[in-house]
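# Fold and contact review
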Amino acid sequence: MLAAAAASCGSSTPTDHCVKVINPMINPILAFTTFTSLVFILLLSATPAAASSSGSEPSLNCTESFRESIPKNYKCRKLNTLGAEFAWTLSLSPNSSRVDIVFRARLPRNYTSAWVAWGVNPGRTPQMAGTRALIAIVLRNQSSFINTYNVTADTKLGCALKPSDIDVAVVKKNLKPEAEHLGIWATLDLDPKVYNVTRLNHVWQVGHDAEGTRPMIHPTTLQNVDSAETIDLTGKQKSEGVGRHRHHLRVVHGILNIVGWGTLLPAGVIIARYLHKYPIEYKSWKGVHVGCQIVAYTLGTVGWFIGLWLGHASKYYSFRIHRILAILIFTFTTLQMLALRLRPGDNDEYRKYWNMYHHFLGYALIAVISVNIFHGIDILKPDELTWKWAYIGLLALLASITLAFEIFTWVKFCIQKSKRVPKPQHLGPIESQPQLQPLTNIDPVRNVPLK
């Protein structure tokens, strides 16, 4: 798959196990592809930051339906996870900070009972443990209610979460069920000594089951784990989400691996298979092939390291299968890339076996990479199916190109084979053929020369 560039060895005898070195003509390709990869990575890393800063302003990214359902003087913003949106208005006084909030989150599909929660945490970091929460529950019999809850560290261990008083003055609270969403409307009086409205830690959550007034444990997907941030209710500073930076790194991780290992790597295989000698002989195929594979390997490796960091930085989740497949992909892709420097010579007796291993491992890697990319998209669980359908479209494009080349190969082969079939030669009648004359100097009985 990752064939090396042409070079010369010291000896051409079959027993010489010579080592290939890169042709000097490919050095500019290596430099150019490396530079292109780095520029792409830098641009990709800067894009989420720009999106984050542009999306931090209130009232710019709320959905139209949510904006129409809240008072016009409310600031609002779309939260990063669970399809949630948050709106508020702030009234400051020397002794309290009154906050009117509207929180809405998307309910699970085909739910029988579900709950949504929003709360504030007086601690240093936005997290579930220590949150003073408002939880709205919709039961199987379509009854619904809202109450206050103290979320403690024991809740994370599986202890029952029951309604309780909280140290936040809740002036009023109610819920608003919708077709696909459930909303919480509330007015809170926050103590300025405890809650800083310019750096308010707030947490939200969605659960798929409830029993009476007890919300059952929520899923532990990435979106559920990252549902917390620090927000400035005055709107002067951008919000700092617990999962905001990790979310952006996951996006970069996914794009790098989809573009690198999921797209450019198979494209390099197609170039090597169909543009080498047959069916199309393209003289510069090695340079294009090597350049494509170097860019693919560079982007994929950077994405792989980002994935390792994300897995190491996580305290609450681990995706073992995704991690194992990623390690296998990196290991064997690195082994394939050694073909740029090390491979048997053209006349080496082991060359045909190396080719078999190289091609088989390359095709197997493409299959494993595709499986792991789909697995990663399922882990990320984006709000829309754009990621999955975009990658399906890329695979369909690569498959169509491969199929077209394969059909062209077989058509060309069949045409050339039909032209090479020799025509039977007409030898004429038997009478016209030269006849062998008997040797007269041989005794036909004793088979010895005559004297």
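Here, every reference points to the structure presented above.
Predicted model, so just to flag it, every value in this text is computed and none were measured.

## Considerations on the overall build of the protein
When helices and strands are tallied, the protein shows nine helices and 13 strands. Buried positions account for 41% of the 451 residues belonging to the protein. Residue pairs in contact within the protein that sit at least 24 positions apart in sequence constitute 63% of those at least 6 positions apart. By element, 62% of the accessible surface of the protein is carried by carbon and sulfur atoms, the whole surface being about 25,700 Å².

## Let's talk about the packing of helix H7 (residues 320-337) against helix H8 (residues 351-380)
Viewed as axis vectors pointing N to C, H7 and H8 meet at an angle of 150°, and their least axial separation amounts to 9 Å. Relative to H8, the element H7 lies roughly antiparallel. Crossing geometry of H7 relative to H8 is assigned as left-handed. In this structure, H7 uses Ile-321, His-322, Leu-325, Ala-326, Ile-329, Phe-332, Thr-333, Leu-335 and Gln-336 to contact H8, whose residues at the interface are Tyr-357, His-358, Leu-361, Gly-362, Leu-365, Val-368, Ile-369, Asn-372, His-375, Gly-376 and Ile-379. Looking at the contact of H7 with H8 residue by residue, the class counts come to 12 nonpolar, eight polar and no charged.

## Remarks on the nonpolar core
Counting 33 residues, the largest nonpolar core has Phe-86, Ile-101, Phe-103 and Val-116 as the members making the most contacts within it. Mapped onto this core, the elements with two or more residues apiece are strand E2 (85-92), strand E3 (97-106), strand E4 (114-121), strand E5 (132-138), strand E8 (181-190) and strand E9 (200-207). When neighbours within four sequence positions are excluded, Val-116 is seen to be in contact with Phe-103, Ala-105, Leu-107, Leu-134, Ile-135, Ala-136, Leu-182, Ile-184, Gln-205 and Val-206. With 17 residues, the next largest nonpolar core counts Ile-258, Val-290, Ala-326 and Ile-329 among its residues.

## Quick notes on the environment of Tyr-282
One can find Tyr-282 in the loop between helix H5 (244-274) and helix H6 (285-313). With relative accessibility at 39%, the residue Tyr-282 sits in the partly exposed group. Each C-alpha atom of the pair Tyr-282 and Ala-272 lies 9.9 Å from the other, and the pair is 10 residues apart in sequence. Those residues in contact with Tyr-282 that lie beyond four places of it in its chain are Leu-275, His-276 and Val-288.

## Topic: the side chain of Arg-77
For Arg-77, the location among the structural elements is in strand E1 (residues 75-78). A distance of 2.4 Å separates polar atoms of two side chains, one belonging to Arg-77 and the other to Glu-229.

## Some details on the pattern of salt bridges
Applying the stated criterion across every chain, the model contains eight salt bridges. In this structure, Arg-77 and Glu-229 form a salt bridge, with 2.4 Å as the shortest nitrogen-oxygen distance. Note that Arg-77 is positioned in strand E1 and Glu-229 in strand E12 (residues 228-231), a separation of 152 residues in sequence. Its relative accessible area of 2% is what places Arg-77 among the buried residues. Here Asp-189 and Arg-98 are joined by a salt bridge, their closest N and O atoms 2.8 Å apart. Taken together, the residues span a long stretch of sequence, with Asp-189 in strand E8 and Arg-98 in strand E3 at a distance of 91 residues. Asp-189 sits in the buried class, given a relative accessible area of 18%. A single network of salt bridges, built from pairs that share partners, joins Glu-85, Arg-104 and Glu-178.

## Some thoughts on the state of the cysteines
Tallied over the full model, the rule gives one disulfide. With a sulfur-sulfur separation of 2.0 Å, Cys-62 is cross-linked through a disulfide to Cys-76. Here the residue Cys-62 occupies a position in the loop between helix H1 (27-55) and helix H2 (64-69), and Cys-76 occupies one in strand E1, the gap between them amounting to 14 residues. Note on Cys-62: relative accessible area 17%, which makes it buried. The exposure class of Cys-76 is buried, given its relative accessible area of 0%.

## Describing the sheet that holds strand E7 (residues 169-177)
Spatially, five strands are ordered E1-E2-E3-E8-E7 in an open sheet, and the strand pairing comes out antiparallel. A strand with exactly one partner marks an edge of an open sheet, and here the two such strands are E1 and E7. Ignoring which end each strand starts from, the neighbouring axes of this sheet average 15° apart. Taken together, the eight bridges between E7 and E8 define a ladder with antiparallel strand orientation. Bridging from a neighbouring strand, Lys-172 pairs with Thr-187 of E8.

## Thoughts on a nonpolar patch on the surface
Where nonpolar side chains cluster on the molecular surface, the patch consists of Ile-324, Leu-328, Phe-332, Leu-335, Leu-338 and Tyr-357 and spans about 480 Å² of accessible area. In terms of residue count, H7 provides more of the nonpolar patch than any other element does, four residues in total. One can find Leu-335 in helix H7. Relative accessible area serves as the criterion here: at 36%, Leu-335 is assigned to the partly exposed category.

## Describing the packing of H8 against helix H9 (residues 386-420)
Any two packed helices are characterised by the angle at which their axes cross and by the distance between the axes. At a minimum axis separation of 10 Å, H8 and H9 run at an interaxial angle of 165°. Looking at the two axes, H8 sits roughly antiparallel to H9. The interaxial crossing formed by H8 with H9 has right-handed handedness. Contacts between H8 and H9 involve Ser-370, Ile-373, Phe-374, Ile-377, Asp-378 and Leu-380 from the first element and Trp-387, Lys-388, Tyr-391, Ile-392 and Leu-395 from the second. Counted by class, the contact of H8 with H9 contains eight nonpolar, one polar and two charged residues.

Parameters at a glance
Residues numbered from 1 in each chain as written. Predicted model: local features only at pLDDT ≥ 70, side-chain atom pairs only at ≥ 80, totals over all residues. Heavy atoms only, no water. Helix = DSSP H or I, 4+ residues; strand = E, 2+ residues; numbered from the N terminus. Buried < 20%, exposed > 50% of the residue type's maximum accessible area, 1.4 Å probe, protein only. Contact = heavy atoms within 4.5 Å. Areas by Shrake-Rupley, 256 points an atom, 1.4 Å probe, with all protein chains shown as cover. Axes fitted to C-alpha atoms, helices over the stretch in contact; angles between N-to-C directions. Parallel < 35°, antiparallel > 145°, perpendicular 65-115°, else oblique. Left-handed = near helix turned anticlockwise from the far one by under 90°. Nonpolar A, V, L, I, M, F, W, Y, C, P; charged D, E, K, R; others polar. Core = buried A, V, L, I, M, F, W, Y, C linked by side-chain atoms within 4.5 Å. Polar contact = N/O pair within 3.5 Å; in protein donor to acceptor, adjacent residues only side chain to side chain. Salt bridge = Lys/Arg side-chain N within 4 Å of Asp/Glu carboxyl O. Disulfide = S-S within 2.5 Å. Pairing = 2+ DSSP bridges. Patch = residues over 30% accessible without salt bridge, like charges linked within 9 Å, V, L, I, M, F, W, Y side chains within 5 Å.

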